[in-house]
Amino acid sequence: MAEQSLTLPQQKIKAQAQVKELTYWGAVRRKLLRDRITLAAIGLGIFMVAITLAAPWIAENILGFDPTDTNLRIRNKPPTWATESWPMFQEFATTCQRGGCEWSLWGGIFSSSAAGLRECFAAAPGECHWLGTDDAGRDVLTRGLYGGRISLRIGAYVAAVSMTLGVFMGLISGYYAATWVDDVVNAIIMTLSSIPLLFLLIILAGTFPVFRSPEGLSFLLGIFGWMGVSRLLRGQLFSIREREYILASRAMGASIWRLMFRHMLPNVSSIIIVVAIFDIASAIIAEAGLSFLGVGIGPPNASWGNMMSGSLGSFTKAPWLVLTPGIFIFLTTLAIYLIGDGLRDALDPWIKNE
Amino acid sequence: MTRYIVRRAIQSFFLVWLATLIAFTVYQLAPGGPIQFLDDDPTSTSADFNRLNRIYGLDRPVPVQYITWLAGEDWPPANETWRSGRCLNNPDRCGRGIIRLDFGRSFFFKGQPAIDVILERVPATFTLAFASLILSVLGGVPLGVYAALHRGKFADHFIRVSTVLVNTVPHWWLGLLLLIFLGGYLGLVPLSGMYTVGDGSLLDRLHHLILPATVGAIGGWIGFSRILRFEMLEVLNQDYVRTARAKGLTERLVVWRHVLRNAIMPFVTGLSGIFLLALSGSVLFETVFSWPGMGRLFITAVNARDFPVMMALFVIGSFLGVLGVLMVDILYSFVDPRVKYDIVK
């Protein structure tokens, strides 16, 4: 009887007010849906992932080329639609180097490019190299699509490896702050951050062929890339471990693992998500660098980095070899950066942006 | 203070030792052994292999090899266990150990001492790194200050957006693009190298330096301006800045004397990574611009499996990196009187 009289008025108020409770993830979603830039970035990201996933289908049905088919008769050829305009552009460049740029050439460049593009749109698969061919006569666009499969895979793997390691190390050193465990983790971080890591990566990848597969390279990049996360988490946990709820659950006899994974980790999960996303971008860029130097993904596999490595001798004659993979990288990492940036705001949904 | 320096010095020494250990482990674990490069020559036989193993002393126990690589082989007993074949045949050719700056002889560069091969390329790397550093400080500091003072305005947003955009591509790729466009099509800058053969004039060298140094400075512009903007904004909110304004100082004086001087402190710590950054950057930028420095030598050595040069570069690089961090730490304690090192949190 007494219970009823106590609960009834509350229910009444709830029914009257009709306030819909907003959960954390609900708030995150609401904020994200209002953020047009992030939505566009997510769209771009999905597009990049989709075209790389669909690379075999696109290559076969739309482009009509195989990424490893070499044809030495068409080495370093310009895009098919620019067959006529490319020599004109080179002539223009030569006049510029001599002093006076011959701007009148551009009329011809534009009209012949347009005509070429029209022809290319009408051509059957396998007749038009949209972005030219490389030094072995392979279609650059096809290789770019296939390369994305490897580059994106490496990005995801590296983020997974470095996040797992970094979160684990960060949790441990944050939990055991100012004890010998923390000292050990700090010593490892200090060692890794005072030797030239790029040198070490190159030595390891150059010496052991294991590290030249996508999985091996990701492992290598991952185990040398976790220090930032660990340091960040450690700093965050420093304040979290002093909170009352940690003390409360410790008083209730919670184990270390429960404390770390049930109480500490969820409180830093938003940071982890954001850092993981940025990690994918930096891994893609790092892979490109290593493969460009010839110590990453090796031929015949295509990756965005190694597509450029063959271009060093001929980049002025065949700039599409440099441009194509670079633009792929640019679009992908731009999407990732913007998504990461948007998520960072969205995962703090209660804070109003000014 | 002294205790702090001594402790840091011991730590640094330990780090460099660790780097030698890492280098040596890789060398020993290399598939096919350290003289695998012989496989590239189809005429080599197993007799050649054994002969070279003896000459380079690769048939000795691994710890012995490590010790003699570190400390030289001219002091232990003169027998087959301790000395390499080369050393036994001719005592003048004994390895003197990396502590005496003898990193062995290069496999690839016709048996030249590895240290000579490296020293030849040091000036090129330092020229490029130093020029990049100067450009990045000259560009990054004003950018950061300007962005902080105009917070939330167009300039601030513009700087932020452009730094994000530049960070979405590899900086060496930007270098490659600029090289194609400015060098290849407009002919404004040379396409490769440090100077035109036969013309070593200062102007010619500067002409070759300008693009690599600018591209090398991009990372610095972004990093420095970001750190400085953040620090400036922190300091601008301090009470003493309000006091300085309240007592009627001109804005210029407030910014220069009160804000910048305090904001620059954490910036100095950011400099500690500069050696490592310069070394790492050197590998990619020197490859792109065909710059004859240590970075490109490193890639050549790795591709030729030239272990003496490779290991030497790694150890020297680690030494420089550790030294840089140590120097900045010590410098920092002198610059900022508030830092007390003997109190550990």
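Residues numbered from 1 in each chain as written. Chains lettered and ligands numbered in written order. Predicted model: local features only at pLDDT ≥ 70, side-chain atom pairs only at ≥ 80, totals over all residues. Heavy atoms only, no water.

(A) Quick peek at the overall build of chain A. The secondary structure content of chain A amounts to 15 helices and 0 strands. Computed over the C-alpha atoms, the radius of gyration of chain A is 27 Å, more than 25% above the 20 Å expected from 2.2 N^0.38 for a compact globule of 354 residues. Every one of the 354 residues in chain A was classed for burial, and the buried ones make up 47%. Of the contacts formed within chain A by residues at least 6 apart in sequence, a portion of 76% connects residues at least 24 apart. (Helix = DSSP H or I, 4+ residues; strand = E, 2+ residues; numbered from the N terminus. Rg over C-alpha atoms; globule rule 2.2 N^0.38 Å. Buried < 20%, exposed > 50% of the residue type's maximum accessible area, 1.4 Å probe, protein only. Contact = heavy atoms within 4.5 Å.)

(B) Main features of helix H11 (residues 227-240) of chain A. All names here are of chain A. Over its 14 residues, H11 extends 20 Å from the first C-alpha to the last, a length consistent with the 20 Å expected when each residue adds 1.5 Å. Here H11 has its buried residues at Met227, Val229, Ser230, Leu233, Arg234, Leu237 and Ile240. Buried residues of H11, viewed axially, fall in a sector of 150°; they line one side. When the buried face of H11 is taken as reference, the exposed residues oriented beyond 90 degrees from it are Gly228 and Arg231. (Expected span 1.5 Å × (residues − 1). Arc of directions from axis to C-beta.)

(C) Broad picture of the interface of chain A and chain B. Residue-level contacts link 43 residues of chain A with 47 residues of chain B. For the pairing of chain A and chain B, the buried interface totals around 4,100 Å² over both sides, and the portion due to carbon and sulfur atoms is 82%. A per-residue breakdown of the area chain A buries against chain B is headed by Phe199, Ile203 and Leu293 of chain A, which together make up 16% of the total. At the junction of chain A and chain B, the tally comes to 0 salt bridges. Run the count over chain A and chain B and you get 2 residue pairs in polar contact (both at pLDDT 80 or more). Elements represented by at least two residues in the side of chain A that touches chain B include exactly helix H5 (85-98), helix H8 (180-194), helix H9 (197-207), helix H13 (256-292) and helix H15 (320-346) of chain A. With 9 residues, the single largest contributor to the side of chain A that touches chain B is H15 of chain A. (Buried area = accessible area lost by both parts, 1.4 Å probe. Salt bridge = Lys/Arg side-chain N within 4 Å of Asp/Glu carboxyl O. Polar contact = N/O pair within 3.5 Å; in protein donor to acceptor, adjacent residues only side chain to side chain.)

(D) Here's a closer look at the packing of helix H7 (residues 171-185) of chain B against helix H11 (residues 274-288) of chain B. Residues and elements named next belong to chain B. Remark: H7 packs on H11, axes separated minimally by 10 Å, with the N-to-C direction vectors making an angle of 20°. Our classification of the angle between H7 and H11 gives roughly parallel. Note that H7 runs across H11; the crossing there is right-handed. Taking contact as the criterion, the partners of His171, Trp172, Gly175, Leu176 and Leu179 in H7 are, on H11, Leu284, Phe285 and Val288. Its residues assigned to classes, the contact of H7 with H11 comprises 6 nonpolar, 2 polar and no charged. (Axes fitted to C-alpha atoms, helices over the stretch in contact; angles between N-to-C directions. Parallel < 35°, antiparallel > 145°, perpendicular 65-115°, else oblique. Left-handed = near helix turned anticlockwise from the far one by under 90°. Nonpolar A, V, L, I, M, F, W, Y, C, P; charged D, E, K, R; others polar.)

(E) The nonpolar core, seen in detail. Counting 130 residues, the largest nonpolar core has Ile202 of chain A together with Trp172 of chain B as the members making the most contacts within it. Not counting the four nearest positions on each side in its chain, Trp172 of chain B is found in contact with Ala288, Gly289, Phe292 and Met308 of chain A together with Leu284, Phe285 and Val288 of chain B. Counting residues in each nonpolar core, the second largest holds 18 residues, with Met163, Leu171, Val275 and Ala276 of chain A among its members. (Core = buried A, V, L, I, M, F, W, Y, C linked by side-chain atoms within 4.5 Å.)

(F) Structural context of the domain arrangement of chain A. Under the domain assignment, chain A is made up of domain 1 (47-53 + 136-347) and domain 2 (80-128). When each unit is reduced to the centre of its C-alpha atoms, the spacing between domain 1 of chain A and domain 2 of chain A is 41 Å. (Domains from an automatic or database assignment.)

(G) Summary view of empty space enclosed by the protein. Residues and elements named next belong to chain B. Tallied over the full model, the rule gives 1 cavity of 30 Å³ or more. What lines the largest cavity is Leu179, Val189, Pro190, Leu191, Ser192, Gly193, His207, His208, Leu211, Pro212, Phe289 and Trp291. Here the residues of the lining of the largest cavity are counted per class, giving 8 nonpolar, 4 polar and no charged. (1 Å grid on protein atoms, 1.4 Å probe; cavity = no way out; pocket = protein on both sides within 12 Å on 5 of 7 lines; lining within 4 Å. Points joined across faces, edges and corners; volume = space filled by probe spheres on them.)

(H) Structural view of the packing of helix H2 (residues 24-34) of chain A against H15 of chain A. Residues and elements named next belong to chain A. With their axes 9 Å apart at the nearest point, H2 and H15 run at an angle of 135° to one another. It follows that H2 is oblique to H15 by the angle criterion. Considering how the two elements wind past one another, H2 and H15 form a crossing that is right-handed. Here H2 contributes Val28, Lys31 and Leu32 to the contact with H15, which in turn contributes Gly342, Leu343, Asp345 and Ala346. Along the lines of polarity and charge, the residues of the contact of H2 with H15 split into 4 nonpolar, 1 polar and 2 charged.

(I) Summary view of the state of the cysteines. According to the stated counting rule, one finds 2 disulfides over all chains in the structure shown. The disulfide partner of Cys120 of chain A is Cys128 of chain A, and the S-S distance across this bridge is 1.7 Å. Its torsion about the S-S bond being 75°, the disulfide of Cys120 of chain A and Cys128 of chain A is classed as right-handed. In terms of burial, Cys120 of chain A and Cys128 of chain A fall into one category: buried. A disulfide bridge connects Cys87 of chain B with Cys94 of chain B, and the sulfur atoms are separated by 1.9 Å. Taking the torsion about the sulfur-sulfur bond, which here is approximately 70°, the covalent link between Cys87 of chain B and Cys94 of chain B counts as right-handed. Each member of the pair, Cys87 of chain B together with Cys94 of chain B, is buried. (Disulfide = S-S within 2.5 Å.)

(J) Examining a nonpolar patch on the surface more closely. A contiguous nonpolar patch, built from Phe168, Ile256, Trp257 and Phe261 of chain A and spanning about 380 Å² of accessible area, is present on the exposed surface. Here the element with the most residues in the nonpolar patch is H13 of chain A; it accounts for 3 residues. (Patch = residues over 30% accessible without salt bridge, like charges linked within 9 Å, V, L, I, M, F, W, Y side chains within 5 Å. Areas by Shrake-Rupley, 256 points an atom, 1.4 Å probe, with all protein chains shown as cover.)

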